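Results of the structural survey
Listed here are the chains, written in short residue letters.
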Amino acid sequence: MNEQMYSSHAGGDGKEDSYAPQGWSKDSARKIAAEEGLDLTEAHIEVLCVLQRYFGTHDKPDFNMRELHDALDERFHIKGGMKYLYGLFPGGPVAQGCRLAGLEVPAGAQDASFGSVQ
């Protein structure tokens, strides 16, 4: 992804969210989360910032879903890894997390036919 797509701004906690997409805010994420039945906490925001940083430092043509999955699992390993992340984001830490982080959901992040008969 192009670095120009991201703005540097201070989040509600005073920390700089240097990889947040332009126009993204914690309030906009909270609104989307509420529509999806989630009450966004600081734990959710931490994951969203990790996703934004990952997307901001990896070029889309080189994007590897497995690498992202493994990076998230490793980053949150001490808290329970993917089990912890799925507890926060029942719609999937990558798919739902990206939507809330203002990022494009990568191909392969969700399976629309999962659990259904076609």
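Note that residues are indexed from 1 along each chain, following the sequence as it is written. Given that the model is predicted, a residue must reach a pLDDT of at least 70 before its local features are reported, and side-chain atom pairs must reach 80 or more before they are shown or counted; all residues, however, enter totals for whole chains, interfaces and linings. Side-chain figures throughout are based on the complete set of non-hydrogen atoms in the structure, without hydrogens or water.

**Description of the overall build of the protein chain**
For the protein chain, the helix and strand inventory stands at five helices and two strands. Contacts are residue-level and defined by heavy atoms, with any inter-residue pair within 4.5 Å sufficient. Put simply, of all contacts in the protein chain between residues at least 6 apart along the chain, 49% involve residues at least 24 apart. Under the convention used here, a 1.4 Å probe and the Shrake-Rupley method define accessible areas, while residue burial counts only the protein chains that appear. Entry remark: accessible area of the protein chain is about 7100 Å², with carbon and sulfur atoms responsible for 51%. The secondary structure listing takes helices from DSSP runs of H or I that are at least 4 residues long and strands from runs of E that are at least 2 residues long, numbered from the N terminus.

**A short note on the packing of helix H2 (residues 42–57) against helix H3 (residues 65–75)**
Whenever a helix is involved, its axis is fitted only over the stretch in contact; in every case the axis is a line through C-alpha atoms, and angles between N-to-C directions fall within 0 to 180 degrees. Relative to each other, H2 and H3 sit at 140°, their axes nearing to 11 Å. Compared by their axis directions, H2 and H3 come out oblique. The chirality of how H2 crosses H3 is right-handed. For the pair formed by H2 and H3, the contact residues are Glu-46, Val-50, Leu-51, Tyr-54 and Phe-55 on the first element and Glu-67, Leu-68, Ala-71, Leu-72 and Arg-75 on the second. Three classes are used: nonpolar for Ala, Val, Leu, Ile, Met, Phe, Trp, Tyr, Cys and Pro, charged for Asp, Glu, Lys and Arg, and polar for all others, with Gly counted as polar. Residue composition of the contact of H2 with H3, grouped by class: seven nonpolar, no polar and three charged. In what follows, roughly perpendicular refers to angles from 65 to 115 degrees, roughly parallel to angles under 35, roughly antiparallel to angles over 145, and oblique to any angle outside these ranges. Definitions for this section: a left-handed crossing has its near helix turned counterclockwise from the far helix by less than a right angle. A right-handed crossing has that turn clockwise.

**Structural notes on helix H4 (residues 81–88)**
For each residue, the accessible area found with a 1.4 Å probe, counting protein chains only, is set against the maximum for its type, and the residue is called buried under 20%, exposed over 50%, and partly exposed in between. Those residues of H4 not exposed but buried are Gly-81, Met-82, Leu-85 and Leu-88. For H4, the buried positions fall inside an angular range of 115° around the axis, keeping them on one side. Those residues of H4 that are exposed and angled more than 90 degrees off the buried face are Lys-83 and Gly-87. The inward-facing, buried residues of H4 contact H2 and H3. An arc is given here, and it is the one of the directions from the helix axis to the C-beta atoms.

**Notes on the nonpolar core**
Note on terminology: a nonpolar core comprises buried Ala, Val, Leu, Ile, Met, Phe, Trp, Tyr and Cys residues joined through side-chain atoms within 4.5 Å. Judged by nonpolar contacts, the single largest core of 24 residues is most densely connected at Leu-48 and Leu-72. If you list the elements that add at least two residues to this core, you get helix H1 (26–35), H2, H3, H4 and helix H5 (95–101). The biggest single contributor to this core is H2, with six residues. Setting aside chain neighbours within four positions, we find Leu-72 in contact with Val-50, Leu-51, Met-82, Leu-85 and Val-94.

**Observations regarding the packing of aromatic side chains**
Note on aromatic pairs: the rings of Phe, Tyr and Trp (six-membered ring only in Trp) are paired at centre separations within 6.5 Å, and the planes decide the class, stacked below 30 degrees, edge-to-face beyond 60, tilted for the rest. Per the stated rule, a full pass over the model turns up two aromatic pairs. An angle of 70° between the planes, with centres 6.4 Å apart, marks the rings of Tyr-54 and Phe-55 as edge-to-face. Take Tyr-54 and Phe-55: they sit in the same class, and that class is buried. Above the face of the Phe-76 ring, Arg-75 is positioned so that its terminal group lies 4.8 Å from the ring centre. Note on criteria: charge over ring means Lys NZ or Arg CZ within 6 Å of the ring centre, with the direction from the centre no more than 35 degrees off the ring normal.

**What about the packing of H2 against H4?**
Running from amino to carboxyl end, H2 crosses H4 at an angle of 115°, the nearest separation of the two axes being 10 Å. Regarding H2 and H4, the two cross each other, and that crossing is left-handed. For the pair H2 and H4, contact is made by Ala-43, His-44 and Val-47 and by Tyr-84, Leu-85 and Leu-88, respectively. Taken together, the residues of the contact of H2 with H4 sort by class into five nonpolar, one polar and no charged.

By themselves, these figures tell us nothing about what the structure is for.
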